[in-house]
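Overview (structure and organization)
For reference, the chains in residue letters:
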Amino acid sequence: MKNNIYLDLHALQTVPPSNINRDDTGSPKTAQYGGVTRARVSSQSWKKAMRDYFKENESKELLGIRTKKIAQSLAAEIQKQDETIEDGKAYELAEKIFKEVKVPTEEKTLFFLGEKQKEMLATYGIEHATKLNKKEIQEILKANQSIDMALFGRMVAEAPELNVDASSQIAHAISTHEIATEFDFFTAVDDLTADDQSGAGMLGTVEYNSSTLYRYANVAVHELNLQMGEEKAAVIEALKLFIKSFTLSLPTGKINTFANQTVPDALVVSIRSDRPVNLVNAFENPVKSRSGYLLESADRLKDEFEKTKRFTEKPIETYSVGEIDGLGKHEESLNELLEVVGETIEKLL
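This is a predicted model, so every value here is computed, not measured. For every chain, the first residue of its written sequence is number 1, and the numbers climb from 1 along that sequence. A pLDDT threshold of at least 70 governs which residues receive local features in this predicted model, and a stricter bar of 80 or more applies before side-chain atom pairs are shown or counted, although totals over entire chains, interfaces and linings include all residues. Side-chain descriptors were evaluated using all non-hydrogen atoms of the structure, hydrogens and water having been removed beforehand.

Notes on the layout of surface pockets
Selection rule: Put plainly, a pocket is an open set of points on a 1 Å grid over the protein atoms alone with protein on both sides within 12 Å along at least five of seven lines, a cavity is a set where a 1.4 Å probe fits but cannot get out, and a lining residue has an atom within 4 Å of a point. Grid points are joined across faces, edges and corners, and a volume is the space filled by probe spheres set on the points. Secondary structure counts use DSSP, requiring at least four H or I residues in a row for a helix and at least two E residues in a row for a strand, with both numbered from the N terminus. Put simply, Ala, Val, Leu, Ile, Met, Phe, Trp, Tyr, Cys and Pro go in the nonpolar bin, Asp, Glu, Lys and Arg in the charged bin, and everything else, Gly too, in the polar bin.
The volume enclosed by the largest pocket comes to roughly 400 Å³. Residue lining of the largest pocket: 20 residues in total, with Arg66, Phe112, Gly153, Arg154 and Met155 positioned closest to the centre. Listing elements by their share of the lining of the largest pocket, those giving two or more residues are helix H1 (43–57) and strand S5 (111–114). If one sorts the elements of the lining of the largest pocket by residue count, H1 sits on top with four residues. Within the lining of the largest pocket, the residues separate by chemical class into 11 nonpolar, three polar and six charged. Those elements that place two or more of their residues in the lining of the second largest pocket are helix H4 (115–127) and helix H8 (232–248). No other element matches H8, which puts three residues into the lining of the second largest pocket. Among the residues making up the lining of the second largest pocket, the classes are represented as six nonpolar, five polar and six charged.

Below, the structure written as structure tokens:
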């Protein structure tokens, strides 16, 4: 593949009263944009939800683990492959392998390891226990990247040569309009309170807000293709999984309290050859409405999409689903959109 390919994802999602992403004080996260306060859901929060979706809907062998207990994990795989190796010896070998490439094993930092990488490291360690080679271990940790590692990247401060550049970018979701934080006052009754006593056993408040969020993400398909060994079918399936996880995942903060189980009202997918384009500028001037924000937000998104053509090349293709007719080829369902996106990417690869 000679040319660059970028996949842009835009979504509008109405979220009812909720507190799905909180700061250190328990308040819903916010951002100042266009001179007003917006609801915000951090990219880290939504990426975690997307990775959880991956785990629920993809084979474990194609994914990775991010853990401080990296030596224990590798030791378990070593013993799985050779049951004659004792616990202490397996852990000692695992530590030795990681220390050879300067990966900490003191459970101080998280390390992202693909399932295939773990299996190959264990095999290599068993076969070369007496003479480990730093370059060979590095090659194992650079190749055979899991889907989530390729998409979300890996950073190793102590060994930057093991870093993996993420092929995707995910923006903080913000509301298309100004929001005001509200407070839910609650009380709880003690079930063992005597009949002649009254009053609550507990009381408190929970902050929340309501919003129509603009969400954005992109994938450098050409980079993902290289990371996955130019296996066309695997790349297309990874992209479909990314789109589905972006669309259907949801951070779970306070979800039992608010049951904010919504899905996007509108989804737009553009395939570009020049560069990715975030359309958040559509909402720099906050939407103001007395009859809901969704339709006005959709109109703003379409207008901004047209405005960007003054500076960018025309997308190769644009597809949409949901409450946003008139922007690209409109599909009836997410599954139909996934199929046509997959077909287009296949031709481009």
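Examining the pattern of salt bridges
Condition: Criterion for a salt bridge: a side-chain nitrogen of Lys or Arg within 4 Å of a carboxyl oxygen of Asp or Glu. Buried means the residue's accessible area, taken with a 1.4 Å probe over protein chains only, is under 20% of the maximum for its type, while exposed means over 50%, and partly exposed covers the values in between.
One pass over the structure, following the stated rule, counts nine salt bridges. The closest approach of N and O atoms between Glu237 and Lys240, which form a salt bridge, is 4.0 Å. Of this pair, Glu237 and Lys240 both sit in helix H8, three residues apart, roughly one helical turn. Judged by its relative accessible area of 47%, Glu237 is partly exposed. On the basis of relative accessible area, Lys240 is assigned to the buried category, the value being 17%. The salt bridge partner of Lys329 is Glu317, with a shortest N-O separation of 3.4 Å. One end of the pair, Lys329, is in strand S12 (residues 329–331); the other, Glu317, is in strand S11 (residues 317–322), and 12 residues separate them in sequence. Note on Lys329: relative accessible area 43%, which makes it partly exposed. Judged by its relative accessible area of 23%, Glu317 falls in the partly exposed class. Residues participating in the shared-partner salt-bridge network are Glu237, Lys240 and Glu339.

Quick look at the nonpolar core
For clarity, the threshold we go by: We define the nonpolar core as a collection of buried residues of types Ala, Val, Leu, Ile, Met, Phe, Trp, Tyr and Cys that are connected through side-chain atoms lying within 4.5 Å of one another. What makes two residues a contact is simply this: any of their non-hydrogen atoms within 4.5 Å.
Counting residues in each nonpolar core, the largest one holds 48 residues, and the members touching the most others are Leu7, Leu224, Phe242, Ile243 and Leu267. Setting aside residues up to four positions removed in sequence, Ile243 forms contacts with Leu7, Leu9, Leu267, Leu334, Leu337, Leu338 and Val341.

Points about empty space enclosed by the protein
In this structure the tally under the stated criterion is two cavities of 30 Å³ or more. Of the volumes computed, that of the largest cavity is approximately 90 Å³. Lining the largest cavity are 13 residues, and of these Ser18, Ile20, Arg40, Val41 and Asn209 sit closest to its centre. Elements supplying a minimum of two residues to the lining of the largest cavity: strand S1 (6–18), strand S3 (36–41) and strand S9 (202–220). In terms of residue class, the lining of the largest cavity is made up of six nonpolar, five polar and two charged. Of the volumes computed, that of the second largest cavity is approximately 40 Å³. Forming the walls of the second largest cavity are Val41, Ser42, Ser43, Trp46, Ile170, Ala171, Ala173, Arg215, Tyr216 and Phe246. Of all the secondary-structure elements, those providing two or more residues to the lining of the second largest cavity are H1 and S9. Residues that form the lining of the second largest cavity fall into these classes: seven nonpolar, two polar and one charged.

Coordinates in, geometry out; function isn't part of it.
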